[in-house]
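# Overview (structure and organization)
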Amino acid sequence: MIQVRRDRLIELRVSAGFSQETLAEAMNVDRSTVGRWERGRATPQPWQVPKLADLLKTTSDALGPVLHPAPPGTPDTGEHQALTGARRPETRPTGDGPPQPATPAAAEMATTALIDGGVRVGCRTADGQIVFVTMPRQLLPHSVSTTANPTSLPGLPQPGVQALPSLLSHGLHPVEGMRALRRSLVECDNVLGPRGVIATAQEHVQVIQHLRREATGDDRRALLQLLAEYAEFCAWLHQDGGDHRAAQHWAALATDWAAASGDHDLTAYITARKAQLAGDMKESADAVDLADYAQRLTRPGSRLSAMAAVYGAHGYALLGDERSAQHALDQALALITDPSEAPIGRGRWLDATYVEAQRARALAVLGRHHEAVSGFEQAIESLPVNFRRDRGVYLARAAISQLVAYGPEPAAETAEAALSIAVSTGSARILTELATLDGMLQRCQSVPEVRHFREVLDSHLLHEV
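## Section: the nonpolar core
By size, the foremost hydrophobic cluster in this structure holds 62 residues, and its most contacted members are Leu350, Tyr394, Ile430, Leu434, Leu437 and Phe453. Broken down by element, this core gets its largest block of residues, nine residues, from helix H14 (residues 303-318). Apart from the residues lying within four places of it in its own chain, the contact partners of Phe453 are Ala412, Ala415, Glu416, Leu419, Leu434, Leu437 and Leu441. Counting 32 residues, the second-largest nonpolar core is a separate cluster that includes Ala201, Ala235, Leu237 and Leu266.

Written out as structure tokens, the structure is:
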């Protein structure tokens, strides 16, 4: 394997007056570690870069190209691996010529800001997979932490605990005030995705918890119900942000709080959402069973029953049971088009367009890609303009079916449109679909549209080196 000697790193060390031994002592590492850094056999960990830059009298941004020099080749990681915003030199076979180097990293990446100061970041692992990892913001390159810090949304109230007196002094009950804020966040999520919403939503949970401690009787129960609604929303944001473990945690809290509040419809709604999460995690049996349980919790023929049927259908598709999947989707469509069931209350967003988009997803899972493409195209055309993130999800799923049904050129072009939405929203659901497509396109690298898409995708990811 080719190794790239980091001559510039050696020059910086000597210029700063360090030997390998004295720099290692200042960095609290072994001298051999510094030697491996300079020979390109290892890379400093992200938290070591700021200190190393300071000792070498440079900046972290300037040190990036030094640690990842331009000549093509893949440095031997040895025992040390790190995530870095500067892409490692990487090549991909084109199929009809010499390997072509990938493009430099772009400033904007698929990221989601969390309330604890961490950031969920899309990353290309050493084996070529795309995953989301959580990193402290201060360890990321400046360009990433800048774009991934949208915890303050323009025009949207940001109620910390210190703002409680103003919430209580305008004649508006705090439950109604916080519920109105939640509706605003939901609208923001439709457009911005989880990156611009998740930290604010979790701050609101803290406010509600504070209010609960002071409330009694019906007010306390109402706050508990509101807390369950917010927890379900946080579960959704983490699900879309690619952190399924956190999504399960918030969904479990939402279930407990909804049950304690006595709101049976909310409990059914959350259970249906848990079925959706199970489907995204490819837990087919859990998706089917949770959807069935949600239908038992709610009144027959209700909109919530239709919602549960939709997510159960995905579970059936994952199990290869097309008959049950199609029956569940037909059942849901019949329920929501019944004029006696007004599109209000929980699940009011569930309409025929959504059901048919989920049918297209099930058809793709079942290998019926021509029909899936048609279904996704109709769903995309019917989406409200403010459902931008959902548009990206449907585009990404359509691209996979286009590849199978029509070839790599249209798939790559559709995928690139989805990628722009993934980057701006931080939606890991979009990026996960594009990661699947990326693997499928490896054999088509000689196609110009494919090569361009994969290079652009790589430019929006951190890389494990």
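There's more to say after this.
## Topic: unusual backbone geometry
One non-glycine residue, Lys57, lies in the positive phi region at around 60°. In this structure, Lys57 sits in the loop between helix H4 (49-55) and helix H5 (60-67). Among the residues examined, Lys57 registers a relative accessible area of 66% and is labelled exposed. One non-glycine residue, Lys282, lies in positive phi territory at about 65°. As for its placement among the helices and strands, Lys282 is situated in the loop between helix H12 (264-280) and helix H13 (284-297).

## Thoughts on the pattern of salt bridges
All chains considered together, the criterion is met by 22 salt bridges. Residues Arg346 and Glu229 are paired through a salt bridge, measuring 3.2 Å at the closest nitrogen-oxygen approach. With Arg346 in the loop between helix H15 (322-336) and helix H16 (352-365) and Glu229 in helix H10 (residues 217-240), the pair connects residues that are 117 residues apart, well separated along the chain. Of the residues examined, Arg346 reaches a relative accessible area of 27% and is grouped as partly exposed. Residue Glu229 is classed as buried on the basis of its relative accessible area, which comes to 7%. Here Glu232 ties to Arg273 by a salt bridge, and the two come within 2.8 Å at their closest N and O atoms. Of this pair, Glu232 sits in helix H10 while Arg273 sits in helix H12, and the two are 41 residues apart along the sequence. Each of the two residues, Glu232 as well as Arg273, counts as buried. When salt bridges with common partners are traced through the structure, they connect Glu176, Arg179, Glu229, Asp263 and Arg346 into a single cluster.

## So, the packing of aromatic side chains
Taken as a whole and judged by the stated rule, the model has two aromatic pairs. With a centroid separation of 6.5 Å and an interplanar angle of 90°, the aromatic rings of Tyr311 and Tyr354 are classed as edge-to-face. Within this pair, whereas Tyr311 is found in helix H14, its partner Tyr354 is found in helix H16, the two being separated by 43 residues in sequence. Accessibility classification places Tyr311 together with Tyr354 in one group, the buried group. Between Trp349 and Tyr354, the ring centres sit 5.1 Å apart and the planes meet at 70°, which makes this aromatic pair edge-to-face. Trp349 sits in the partly exposed class, given a relative accessible area of 30%. Every member of this aromatic cluster is reached through a ring pair, and the members are Tyr311, Trp349 and Tyr354.

## Things to note about the side chain of Glu232
Residue class for Glu232 comes out buried when judged on its relative accessible area of 6%. The residues touching Glu232, leaving out its near neighbours within four places in the chain, are Arg182, Ala254, Tyr269, Ile270 and Arg273.

## Quick word on the packing of H14 against H16
Orientation of H14 relative to H16, taken along the N-to-C sense of each, is 10°, at an axis distance of 9 Å. Overall, the two elements H14 and H16 adopt an arrangement that is roughly parallel. Touching Val310, Tyr311, His314, Ala317 and Leu318 of H14 are Tyr354, Val355, Gln358, Arg361, Ala362 and Val365, all from H16. Partitioned by chemical class, the residues of the contact of H14 with H16 number eight nonpolar, two polar and one charged.

What counts, and where the lines are drawn
Residues numbered from 1 in each chain as written. Predicted model: local features only at pLDDT ≥ 70, side-chain atom pairs only at ≥ 80, totals over all residues. Heavy atoms only, no water. Core = buried A, V, L, I, M, F, W, Y, C linked by side-chain atoms within 4.5 Å. Buried < 20%, exposed > 50% of the residue type's maximum accessible area, 1.4 Å probe, protein only. Helix = DSSP H or I, 4+ residues; strand = E, 2+ residues; numbered from the N terminus. Contact = heavy atoms within 4.5 Å. Salt bridge = Lys/Arg side-chain N within 4 Å of Asp/Glu carboxyl O. Phe/Tyr/Trp six-rings, centres within 6.5 Å; stacked < 30°, edge-to-face > 60°. Axes fitted to C-alpha atoms, helices over the stretch in contact; angles between N-to-C directions. Parallel < 35°, antiparallel > 145°, perpendicular 65-115°, else oblique. Nonpolar A, V, L, I, M, F, W, Y, C, P; charged D, E, K, R; others polar.

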